[in-house]
Amino acid sequence: MKHVDAKYKYLLAVSGGSDSMAMLDMFANARLNFDVLTINHGLRTTAQRDCQLVEQYCNARQIKCIVHNMDVNAYCKEHGVSVETGARILRRQLFDKLSSNYHFVCLAHNKDDNAETILMHVLRGSGIKGAEGIREQDGKYLRPVLSYTKAQLVKYCQQHNVPYCEDETNSDTAYRRNFIRHKVMPLLQQYNLGVVDNIVRFGQNAAADNAVLDKLADISQVKFTRNGASIPINLLQNNDAIAYRIVDKVLIQLGYWHDIERVHYLDIIGLANNCGGKTINLPFGLKAVNDYQYVTILIQGDSSKPCTYSYPFGKGKFAIAGGILVIEDVAPDDSQTTGKVLVVDAHKIPDNAVIRTPIKGDMFTKFGGGTKLLSRYFIDKKISRRDRELVPIVATDNIVLAVVGVEISQSVRTDSNTSVKYYLYITKEGQH
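The rules behind these values
- Residues numbered from 1 in each chain as written.
- Predicted model: local features only at pLDDT ≥ 70, side-chain atom pairs only at ≥ 80, totals over all residues.
- Heavy atoms only, no water.
- Pairing = 2+ DSSP bridges.
- Helix = DSSP H or I, 4+ residues; strand = E, 2+ residues; numbered from the N terminus.
- Axes fitted to C-alpha atoms, helices over the stretch in contact; angles between N-to-C directions.
- Buried < 20%, exposed > 50% of the residue type's maximum accessible area, 1.4 Å probe, protein only.
- Contact = heavy atoms within 4.5 Å.
- Core = buried A, V, L, I, M, F, W, Y, C linked by side-chain atoms within 4.5 Å.
- Lys, Arg positive; Asp, Glu negative; His and termini not counted.
- Salt bridge = Lys/Arg side-chain N within 4 Å of Asp/Glu carboxyl O.
- Expected span 1.5 Å × (residues − 1).
- Left-handed = near helix turned anticlockwise from the far one by under 90°.

S.K.: Even after reading the chapter, I still don't get the sheet that holds strand β15 (residues 338-345), so can you show me in this structure?
M.R.: What links the strands of a sheet is backbone hydrogen bonding, and the strands pair in either a parallel or an antiparallel sense. Judged by pairing direction, the sheet is antiparallel, and its 4 strands sit side by side in the order β13-β14-β22-β15 without closing on themselves. Each edge of the open sheet carries a strand with a single partner, namely β13 (316-320) and β15. Going across the sheet, the axis of each strand differs from the next one's by a mean of 20°, ignoring polarity.

S.K.: Help me out: how do you make sense of the environment of Val289 in this one?
M.R.: Mapping Val289 onto the fold places it in strand β10 (residues 287-290). Given a relative accessible area of 9%, Val289 falls into the buried group. Measuring from C-alpha to C-alpha, the distance between Val289 and Gly127 comes to 23 Å, with 162 residues separating the pair along the chain. Setting aside anything within four residues of it in sequence, one finds Val289 in contact with Leu271, Gly277, Lys278, Thr279, Tyr294, Val295, Thr296 and Leu298.

S.K.: Sorry, what's going on with the nonpolar core here?
M.R.: Soluble globular proteins tend to bury their nonpolar side chains together. By size, the foremost hydrophobic cluster in this structure holds 30 residues, and its most contacted members are Ile231, Leu236, Ile246, Val250 and Ile268. For this core, the elements supplying multiple residues, two or more each, are β8 (228-232), α9 (240-254), α10 (262-270) and β11 (294-298). Excluding residues within four positions of it along the chain, Ile231 makes contact with Val222, Leu236, Ile246, Val250, Gln293, Tyr294, Val295 and Ile297.

S.K.: Explanation requested: the side chain of Arg143 in the structure shown.
M.R.: Residue position: Arg143 is located in the loop between β6 (141-142) and α6 (150-159). Buried charge without a partner: Arg143 forms no salt bridge, and the closest opposite charge is Asp138, 5.1 Å away. With residues near it in sequence (within four places) discarded, Arg143 still touches Leu107, His109, Ile134, Arg135, Glu136 and Asp138.

S.K.: Before we go on, may I ask you to explain helix α4 (residues 83-98) in this structure?
M.R.: Residues lying three or four places apart along an α-helix face the same way, a consequence of the helix completing one turn every 3.6 residues. Its 16 residues place the ends of α4 23 Å apart at the C-alpha level, agreeing with the 22 Å of an ideal helix rising 1.5 Å per residue. The set of residues buried in α4 consists of Thr85, Gly86, Ala87, Leu90, Leu94, Phe95 and Leu98.

S.K.: Help me understand the packing of helix α5 (residues 111-123) against helix α8 (residues 195-216) in this model?
M.R.: For any two helices packed against each other, the geometry comes down to the angle between their axes and how far apart the axes lie. At a minimum axis distance of 9 Å, the contact between α5 and α8 shows a crossing angle of 65°. Where α5 crosses over α8, the two elements pack in a sense that is left-handed. Here α5 contributes Lys111, Asp112, Asn114, Ala115, Ile118 and Val122 to the contact with α8, which in turn contributes Val196, Asp197, Ile199, Val200, Phe202 and Gly203.

S.K.: Mind showing me how you'd approach the sheet that holds strand β1 (residues 9-13) here?
M.R.: On the basis of which strands lie adjacent, the open sheet formed by 6 strands has the order β3-β2-β1-β4-β6-β5 and mixed pairing. The open sheet has two free edges, formed respectively by β3 (65-69) and β5 (137-138), since each of these has just one partner strand. In this structure, strand β2 (residues 33-40) lies alongside β3, joined through 5 bridges in parallel fashion. Across the sheet, the residue bridging to Asn40 is Asn69, located in β3.

As C-alpha coordinates, this is what we get:
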(Lines give C-alpha, C1' and ligand atoms only; values in the text may rest on other atoms or scores of the structure.)
Protein backbone atom coordinates (compact mmCIF):
# COMPACT_ATOMS: atom_id res chain seq x y z
CA MET A 1 0.00 0.00 0.00
CA LYS A 2 1.33 3.43 -0.98
CA HIS A 3 1.54 6.59 1.16
CA VAL A 4 0.86 4.66 4.39
CA ASP A 5 3.00 5.18 7.48
CA ALA A 6 2.70 3.81 11.02
CA LYS A 7 3.19 7.28 12.55
CA TYR A 8 -0.20 8.48 11.26
CA LYS A 9 -3.76 7.76 12.32
CA TYR A 10 -6.23 6.83 9.58
CA LEU A 11 -9.99 6.66 9.09
CA LEU A 12 -10.94 3.87 6.66
CA ALA A 13 -14.20 4.17 4.71
CA VAL A 14 -15.36 0.56 4.37
CA SER A 15 -18.51 -0.45 2.50
CA GLY A 16 -18.23 -4.22 2.88
CA GLY A 17 -17.23 -4.79 -0.76
CA SER A 18 -14.12 -6.74 -1.72
CA ASP A 19 -12.07 -3.56 -2.37
CA SER A 20 -12.65 -1.94 1.00
CA MET A 21 -12.54 -5.21 2.97
CA ALA A 22 -9.17 -6.08 1.39
CA MET A 23 -7.90 -2.61 2.35
CA LEU A 24 -9.22 -3.08 5.90
CA ASP A 25 -7.51 -6.47 6.24
CA MET A 26 -4.20 -5.06 4.94
CA PHE A 27 -4.32 -2.28 7.55
CA ALA A 28 -5.20 -4.77 10.29
CA ASN A 29 -2.34 -7.12 9.37
CA ALA A 30 0.12 -4.21 9.21
CA ARG A 31 -1.00 -3.19 12.75
CA LEU A 32 -1.52 0.42 11.69
CA ASN A 33 -3.33 3.03 13.81
CA PHE A 34 -6.81 3.38 12.34
CA ASP A 35 -10.57 3.43 12.90
CA VAL A 36 -13.29 2.32 10.49
CA LEU A 37 -16.34 4.16 9.16
CA THR A 38 -19.15 2.26 7.42
CA ILE A 39 -22.17 4.06 5.96
CA ASN A 40 -25.76 2.95 5.37
CA HIS A 41 -27.02 5.27 2.62
CA GLY A 42 -30.60 4.09 3.04
CA LEU A 43 -30.80 3.11 -0.65
CA ARG A 44 -30.84 -0.71 -0.45
CA THR A 45 -32.55 -3.24 1.78
CA THR A 46 -29.23 -5.13 2.06
CA ALA A 47 -27.26 -2.06 3.17
CA GLN A 48 -27.72 -2.89 6.84
CA ARG A 49 -26.33 -6.39 6.19
CA ASP A 50 -23.20 -4.86 4.66
CA CYS A 51 -22.67 -2.57 7.64
CA GLN A 52 -23.11 -5.52 10.02
CA LEU A 53 -20.46 -7.50 8.13
CA VAL A 54 -17.97 -4.65 8.55
CA GLU A 55 -18.91 -4.19 12.20
CA GLN A 56 -18.51 -7.91 12.95
CA TYR A 57 -15.07 -8.00 11.33
CA CYS A 58 -13.98 -5.00 13.41
CA ASN A 59 -15.44 -6.32 16.68
CA ALA A 60 -13.59 -9.62 16.22
CA ARG A 61 -10.29 -7.71 15.97
CA GLN A 62 -11.11 -4.98 18.52
CA ILE A 63 -11.09 -2.24 15.87
CA LYS A 64 -13.22 0.85 16.49
CA CYS A 65 -16.06 0.93 13.96
CA ILE A 66 -18.33 3.94 13.39
CA VAL A 67 -21.68 3.07 11.79
CA HIS A 68 -23.44 6.05 10.20
CA ASN A 69 -26.94 6.13 8.71
CA MET A 70 -27.94 8.76 6.15
CA ASP A 71 -31.07 9.46 4.10
CA VAL A 72 -29.74 10.08 0.59
CA ASN A 73 -33.17 10.08 -1.06
CA ALA A 74 -34.43 12.87 1.21
CA TYR A 75 -31.34 14.96 0.50
CA CYS A 76 -31.68 14.47 -3.27
CA LYS A 77 -35.36 15.42 -3.19
CA GLU A 78 -34.63 18.58 -1.19
CA HIS A 79 -31.67 19.72 -3.33
CA GLY A 80 -32.75 18.43 -6.74
CA VAL A 81 -29.64 16.34 -7.44
CA SER A 82 -29.12 12.76 -8.62
CA VAL A 83 -28.72 9.88 -6.18
CA GLU A 84 -25.06 9.47 -7.16
CA THR A 85 -24.37 13.17 -6.60
CA GLY A 86 -26.33 13.34 -3.35
CA ALA A 87 -24.60 10.30 -1.90
CA ARG A 88 -21.19 11.69 -2.85
CA ILE A 89 -21.93 15.09 -1.29
CA LEU A 90 -23.21 13.60 1.97
CA ARG A 91 -20.23 11.25 2.22
CA ARG A 92 -17.77 14.09 1.67
CA GLN A 93 -19.53 16.22 4.29
CA LEU A 94 -19.27 13.35 6.78
CA PHE A 95 -15.60 12.73 5.94
CA ASP A 96 -14.82 16.42 6.39
CA LYS A 97 -16.61 16.45 9.74
CA LEU A 98 -14.72 13.42 11.08
CA SER A 99 -11.34 14.06 9.47
CA SER A 100 -10.18 16.53 12.13
CA ASN A 101 -9.49 13.52 14.38
CA TYR A 102 -7.31 11.77 11.78
CA HIS A 103 -4.29 12.48 9.63
CA PHE A 104 -5.85 10.85 6.57
CA VAL A 105 -9.14 9.43 5.30
CA CYS A 106 -8.64 6.26 3.23
CA LEU A 107 -10.90 5.37 0.30
CA ALA A 108 -10.82 1.99 -1.46
CA HIS A 109 -10.78 3.02 -5.14
CA ASN A 110 -8.92 0.51 -7.32
CA LYS A 111 -7.17 0.58 -10.71
CA ASP A 112 -10.35 -0.45 -12.58
CA ASP A 113 -12.23 2.41 -10.92
CA ASN A 114 -9.50 4.76 -12.11
CA ALA A 115 -9.65 3.54 -15.73
CA GLU A 116 -13.45 3.79 -15.72
CA THR A 117 -13.30 7.32 -14.33
CA ILE A 118 -10.83 8.44 -17.01
CA LEU A 119 -12.95 6.89 -19.75
CA MET A 120 -16.12 8.51 -18.37
CA HIS A 121 -14.46 11.93 -18.36
CA VAL A 122 -13.21 11.47 -21.93
CA LEU A 123 -16.68 10.40 -23.13
CA ARG A 124 -18.35 13.41 -21.50
CA GLY A 125 -15.91 15.78 -23.25
CA SER A 126 -13.80 16.63 -20.22
CA GLY A 127 -10.54 18.53 -20.48
CA ILE A 128 -7.11 17.25 -19.58
CA LYS A 129 -7.77 17.65 -15.85
CA GLY A 130 -10.62 15.14 -16.00
CA ALA A 131 -8.37 12.80 -17.97
CA GLU A 132 -6.01 12.61 -14.98
CA GLY A 133 -8.40 10.22 -13.28
CA ILE A 134 -8.25 9.45 -9.57
CA ARG A 135 -5.27 10.64 -7.54
CA GLU A 136 -3.57 8.39 -5.01
CA GLN A 137 -3.47 11.33 -2.61
CA ASP A 138 -5.66 14.41 -2.61
CA GLY A 139 -5.02 16.44 0.53
CA LYS A 140 -6.21 14.39 3.49
CA TYR A 141 -7.71 11.72 1.23
CA LEU A 142 -5.66 8.61 0.44
CA ARG A 143 -6.39 5.69 -1.87
CA PRO A 144 -3.98 2.98 -0.68
CA VAL A 145 -5.21 0.22 -3.04
CA LEU A 146 -5.46 2.31 -6.23
CA SER A 147 -2.63 0.34 -7.84
CA TYR A 148 -4.55 -2.96 -7.43
CA THR A 149 -7.09 -4.21 -9.96
CA LYS A 150 -10.52 -5.40 -8.86
CA ALA A 151 -9.53 -8.99 -9.66
CA GLN A 152 -6.42 -8.73 -7.47
CA LEU A 153 -8.44 -7.44 -4.50
CA VAL A 154 -11.05 -10.19 -4.88
CA LYS A 155 -8.24 -12.76 -5.03
CA TYR A 156 -6.69 -11.24 -1.87
CA CYS A 157 -9.97 -11.67 0.01
CA GLN A 158 -10.31 -15.26 -1.13
CA GLN A 159 -6.72 -16.19 -0.23
CA HIS A 160 -6.90 -14.54 3.22
CA ASN A 161 -10.46 -15.63 4.07
CA VAL A 162 -11.67 -12.06 4.28
CA PRO A 163 -15.48 -11.86 4.18
CA TYR A 164 -17.05 -9.45 1.74
CA CYS A 165 -20.35 -8.76 0.02
CA GLU A 166 -21.23 -7.08 -3.23
CA ASP A 167 -23.68 -4.24 -3.75
CA GLU A 168 -26.36 -5.63 -6.06
CA THR A 169 -26.80 -2.20 -7.67
CA ASN A 170 -23.25 -2.52 -9.05
CA SER A 171 -24.70 -4.66 -11.84
CA ASP A 172 -27.42 -2.15 -12.77
CA THR A 173 -26.25 -0.73 -16.11
CA ALA A 174 -28.76 2.13 -15.85
CA TYR A 175 -25.97 3.85 -13.91
CA ARG A 176 -23.35 5.39 -16.19
CA ARG A 177 -20.36 3.87 -14.38
CA ASN A 178 -21.89 0.41 -14.35
CA PHE A 179 -22.58 0.66 -18.09
CA ILE A 180 -18.90 1.51 -18.66
CA ARG A 181 -17.83 -1.31 -16.32
CA HIS A 182 -20.03 -4.11 -17.60
CA LYS A 183 -20.60 -3.18 -21.25
CA VAL A 184 -17.78 -0.98 -22.55
CA MET A 185 -14.70 -2.25 -20.72
CA PRO A 186 -15.23 -5.94 -21.57
CA LEU A 187 -15.41 -5.03 -25.27
CA LEU A 188 -12.21 -2.98 -25.04
CA GLN A 189 -10.45 -5.86 -23.26
CA GLN A 190 -11.36 -8.14 -26.15
CA TYR A 191 -9.36 -5.77 -28.33
CA ASN A 192 -6.49 -5.29 -25.83
CA LEU A 193 -6.07 -7.18 -22.56
CA GLY A 194 -3.90 -4.36 -21.21
CA VAL A 195 -6.54 -1.67 -21.74
CA VAL A 196 -6.89 -0.84 -18.01
CA ASP A 197 -3.15 -0.30 -17.61
CA ASN A 198 -3.02 1.72 -20.83
CA ILE A 199 -5.88 3.99 -19.81
CA VAL A 200 -4.33 4.57 -16.38
CA ARG A 201 -0.96 5.32 -18.02
CA PHE A 202 -2.72 7.86 -20.26
CA GLY A 203 -4.13 9.48 -17.11
CA GLN A 204 -0.65 9.68 -15.58
CA ASN A 205 0.70 11.38 -18.72
CA ALA A 206 -2.20 13.83 -18.67
CA ALA A 207 -1.49 14.60 -15.01
CA ALA A 208 2.15 15.42 -15.78
CA ASP A 209 1.16 17.80 -18.59
CA ASN A 210 -1.58 19.37 -16.51
CA ALA A 211 0.80 20.07 -13.62
CA VAL A 212 2.86 22.35 -15.88
CA LEU A 213 -0.21 24.26 -17.13
CA ASP A 214 -1.62 24.43 -13.62
CA LYS A 215 1.39 26.39 -12.39
CA LEU A 216 0.69 29.03 -15.02
CA ALA A 217 -2.91 29.50 -13.82
CA ASP A 218 -2.27 32.17 -11.17
CA ILE A 219 -5.35 33.24 -9.15
CA SER A 220 -3.56 35.66 -6.82
CA GLN A 221 -5.43 38.57 -8.46
CA VAL A 222 -8.86 36.99 -7.94
CA LYS A 223 -10.96 38.68 -5.25
CA PHE A 224 -12.78 36.19 -3.00
CA THR A 225 -15.72 37.19 -0.79
CA ARG A 226 -18.28 35.25 1.23
CA ASN A 227 -20.69 35.54 -1.74
CA GLY A 228 -18.35 34.46 -4.52
CA ALA A 229 -15.25 35.50 -6.45
CA SER A 230 -14.33 38.17 -9.02
CA ILE A 231 -11.85 37.15 -11.74
CA PRO A 232 -10.09 39.99 -13.62
CA ILE A 233 -11.26 39.79 -17.22
CA ASN A 234 -7.74 39.88 -18.65
CA LEU A 235 -6.95 36.56 -16.93
CA LEU A 236 -9.63 34.87 -19.06
CA GLN A 237 -8.78 36.45 -22.41
CA ASN A 238 -5.21 35.42 -23.19
CA ASN A 239 -5.16 31.62 -23.32
CA ASP A 240 -8.15 29.26 -23.10
CA ALA A 241 -6.12 26.46 -21.51
CA ILE A 242 -4.89 28.74 -18.71
CA ALA A 243 -8.30 30.42 -18.38
CA TYR A 244 -9.94 27.01 -17.94
CA ARG A 245 -7.60 26.20 -15.07
CA ILE A 246 -8.14 29.58 -13.44
CA VAL A 247 -11.90 28.98 -13.44
CA ASP A 248 -11.33 25.48 -12.08
CA LYS A 249 -9.17 26.74 -9.21
CA VAL A 250 -11.71 29.44 -8.35
CA LEU A 251 -14.62 26.97 -8.31
CA ILE A 252 -12.66 24.56 -6.13
CA GLN A 253 -11.81 27.33 -3.67
CA LEU A 254 -15.50 28.26 -3.55
CA GLY A 255 -16.27 24.61 -2.74
CA TYR A 256 -17.68 23.46 -6.10
CA TRP A 257 -15.87 20.83 -8.15
CA HIS A 258 -18.34 18.02 -8.95
CA ASP A 259 -20.93 18.01 -11.73
CA ILE A 260 -19.94 21.32 -13.30
CA GLU A 261 -19.40 20.45 -16.94
CA ARG A 262 -16.78 21.71 -19.38
CA VAL A 263 -19.48 23.67 -21.19
CA HIS A 264 -20.08 25.68 -18.01
CA TYR A 265 -16.37 26.48 -17.76
CA LEU A 266 -16.41 27.67 -21.36
CA ASP A 267 -19.51 29.79 -20.71
CA ILE A 268 -17.75 31.51 -17.80
CA ILE A 269 -14.66 32.17 -19.94
CA GLY A 270 -16.89 33.43 -22.75
CA LEU A 271 -18.33 36.12 -20.47
CA ALA A 272 -14.95 37.89 -20.61
CA ASN A 273 -15.67 38.83 -24.23
CA ASN A 274 -19.29 39.93 -23.67
CA CYS A 275 -20.74 43.32 -22.82
CA GLY A 276 -20.99 44.30 -19.17
CA GLY A 277 -24.01 43.10 -17.22
CA LYS A 278 -24.49 39.77 -19.05
CA THR A 279 -25.37 36.93 -16.66
CA ILE A 280 -25.39 33.13 -17.05
CA ASN A 281 -26.85 30.49 -14.73
CA LEU A 282 -24.70 27.60 -13.52
CA PRO A 283 -25.40 24.39 -11.56
CA PHE A 284 -26.04 24.52 -7.80
CA GLY A 285 -27.66 27.98 -8.03
CA LEU A 286 -24.38 29.63 -9.03
CA LYS A 287 -24.38 32.59 -11.39
CA ALA A 288 -21.63 34.26 -13.39
CA VAL A 289 -21.77 37.94 -14.30
CA ASN A 290 -19.69 40.21 -16.55
CA ASP A 291 -18.85 43.09 -14.21
CA TYR A 292 -16.90 45.06 -16.82
CA GLN A 293 -13.42 44.61 -15.30
CA TYR A 294 -14.29 41.24 -13.78
CA VAL A 295 -16.18 38.03 -14.38
CA THR A 296 -17.84 37.40 -11.02
CA ILE A 297 -19.08 33.99 -9.87
CA LEU A 298 -21.88 34.35 -7.31
CA ILE A 299 -22.94 31.72 -4.78
CA GLN A 300 -26.72 31.18 -4.66
CA GLY A 301 -27.14 34.14 -6.99
CA ASP A 302 -25.74 36.53 -4.37
CA SER A 303 -29.15 36.91 -2.78
CA SER A 304 -27.87 39.08 0.06
CA LYS A 305 -29.64 42.45 0.25
CA PRO A 306 -27.53 45.59 -0.20
CA CYS A 307 -26.80 47.89 2.71
CA THR A 308 -28.92 51.08 2.62
CA TYR A 309 -28.43 54.26 4.68
CA SER A 310 -29.09 57.99 4.74
CA TYR A 311 -27.13 60.51 6.81
CA PRO A 312 -27.34 64.33 6.96
CA PHE A 313 -24.32 65.75 5.14
CA GLY A 314 -21.53 67.18 7.32
CA LYS A 315 -18.06 66.60 8.68
CA GLY A 316 -17.49 63.24 10.32
CA LYS A 317 -17.27 59.47 9.73
CA PHE A 318 -20.13 57.45 8.29
CA ALA A 319 -20.59 53.66 8.09
CA ILE A 320 -21.12 52.47 4.51
CA ALA A 321 -20.93 49.09 2.77
CA GLY A 322 -17.32 47.96 2.78
CA GLY A 323 -15.73 50.66 4.91
CA ILE A 324 -16.01 54.18 6.35
CA LEU A 325 -16.85 57.40 4.49
CA VAL A 326 -14.88 60.33 5.90
CA ILE A 327 -15.70 64.01 5.37
CA GLU A 328 -13.20 66.51 6.77
CA ASP A 329 -11.61 69.84 5.97
CA VAL A 330 -8.05 68.51 5.96
CA ALA A 331 -6.50 66.68 3.02
CA PRO A 332 -5.94 63.01 3.92
CA ASP A 333 -2.79 60.93 3.63
CA ASP A 334 -3.11 58.84 0.46
CA SER A 335 -2.30 55.69 2.43
CA GLN A 336 -5.58 56.12 4.37
CA THR A 337 -7.86 56.09 1.37
CA THR A 338 -9.33 53.71 -1.17
CA GLY A 339 -10.69 55.10 -4.42
CA LYS A 340 -10.54 58.74 -5.49
CA VAL A 341 -10.42 61.62 -2.95
CA LEU A 342 -13.07 64.22 -3.86
CA VAL A 343 -12.82 67.94 -2.99
CA VAL A 344 -15.98 70.09 -2.82
CA ASP A 345 -16.83 73.66 -1.92
CA ALA A 346 -18.49 73.29 1.50
CA HIS A 347 -20.66 76.40 1.03
CA LYS A 348 -22.13 75.06 -2.22
CA ILE A 349 -23.63 72.02 -0.47
CA PRO A 350 -27.33 72.71 0.32
CA ASP A 351 -28.50 72.36 3.94
CA ASN A 352 -30.83 69.48 3.05
CA ALA A 353 -28.09 67.38 1.41
CA VAL A 354 -27.71 63.79 2.57
CA ILE A 355 -25.28 60.92 2.19
CA ARG A 356 -27.18 57.88 0.90
CA THR A 357 -27.32 54.99 -1.52
CA PRO A 358 -28.61 55.62 -5.07
CA ILE A 359 -32.32 55.47 -5.89
CA LYS A 360 -34.24 55.36 -9.15
CA GLY A 361 -34.47 58.72 -10.89
CA ASP A 362 -31.23 60.22 -9.53
CA MET A 363 -29.72 62.78 -11.95
CA PHE A 364 -26.05 63.73 -12.14
CA THR A 365 -24.31 66.68 -13.78
CA LYS A 366 -20.76 65.48 -14.05
CA PHE A 367 -17.65 67.60 -13.59
CA GLY A 368 -17.19 69.64 -16.76
CA GLY A 369 -20.91 69.55 -17.61
CA GLY A 370 -23.43 67.16 -19.11
CA THR A 371 -26.49 65.92 -17.19
CA LYS A 372 -27.78 62.35 -17.32
CA LEU A 373 -29.48 59.70 -15.25
CA LEU A 374 -27.11 58.37 -12.57
CA SER A 375 -27.85 54.82 -13.76
CA ARG A 376 -26.63 55.77 -17.25
CA TYR A 377 -23.56 57.42 -15.75
CA PHE A 378 -22.77 54.18 -13.89
CA ILE A 379 -22.98 52.27 -17.17
CA ASP A 380 -20.61 54.76 -18.85
CA LYS A 381 -18.16 54.35 -15.96
CA LYS A 382 -18.50 50.55 -16.18
CA ILE A 383 -19.65 50.15 -12.59
CA SER A 384 -21.40 46.80 -12.21
CA ARG A 385 -25.13 46.61 -11.48
CA ARG A 386 -24.54 45.09 -8.04
CA ASP A 387 -21.86 47.64 -7.09
CA ARG A 388 -24.11 50.54 -8.13
CA GLU A 389 -26.44 49.75 -5.23
CA LEU A 390 -23.57 50.20 -2.76
CA VAL A 391 -21.91 53.39 -4.07
CA PRO A 392 -22.40 56.24 -1.56
CA ILE A 393 -23.60 59.51 -3.06
CA VAL A 394 -24.22 63.04 -1.78
CA ALA A 395 -27.58 64.32 -2.98
CA THR A 396 -30.36 66.78 -2.43
CA ASP A 397 -33.69 65.28 -3.48
CA ASN A 398 -32.80 63.51 -6.78
CA ILE A 399 -29.93 65.83 -7.67
CA VAL A 400 -26.59 64.08 -7.15
CA LEU A 401 -23.79 66.35 -5.95
CA ALA A 402 -21.06 63.75 -5.63
CA VAL A 403 -20.49 60.08 -6.41
CA VAL A 404 -18.09 59.26 -3.60
CA GLY A 405 -14.82 57.76 -4.75
CA VAL A 406 -15.61 58.60 -8.38
CA GLU A 407 -16.55 62.19 -9.30
CA ILE A 408 -18.21 65.44 -8.08
CA SER A 409 -20.93 67.45 -9.79
CA GLN A 410 -20.16 70.64 -11.65
CA SER A 411 -22.34 72.51 -9.14
CA VAL A 412 -20.05 71.90 -6.10
CA ARG A 413 -16.64 72.36 -7.69
CA THR A 414 -14.11 74.60 -5.96
CA ASP A 415 -12.92 77.86 -7.49
CA SER A 416 -10.93 80.99 -6.59
CA ASN A 417 -13.71 82.14 -4.21
CA THR A 418 -13.82 78.88 -2.22
CA SER A 419 -13.09 79.53 1.46
CA VAL A 420 -13.84 76.09 2.95
CA LYS A 421 -13.00 72.81 1.25
CA TYR A 422 -14.38 69.43 2.30
CA TYR A 423 -12.47 66.27 1.42
CA LEU A 424 -14.57 63.16 0.83
CA TYR A 425 -12.95 59.74 0.80
CA ILE A 426 -13.45 56.12 1.80
CA THR A 427 -11.19 54.29 4.21
CA LYS A 428 -11.10 50.57 5.06
CA GLU A 429 -10.47 51.15 8.75
CA GLY A 430 -13.71 49.28 9.46
CA GLN A 431 -16.07 46.90 7.67
CA HIS A 432 -19.84 47.54 8.01
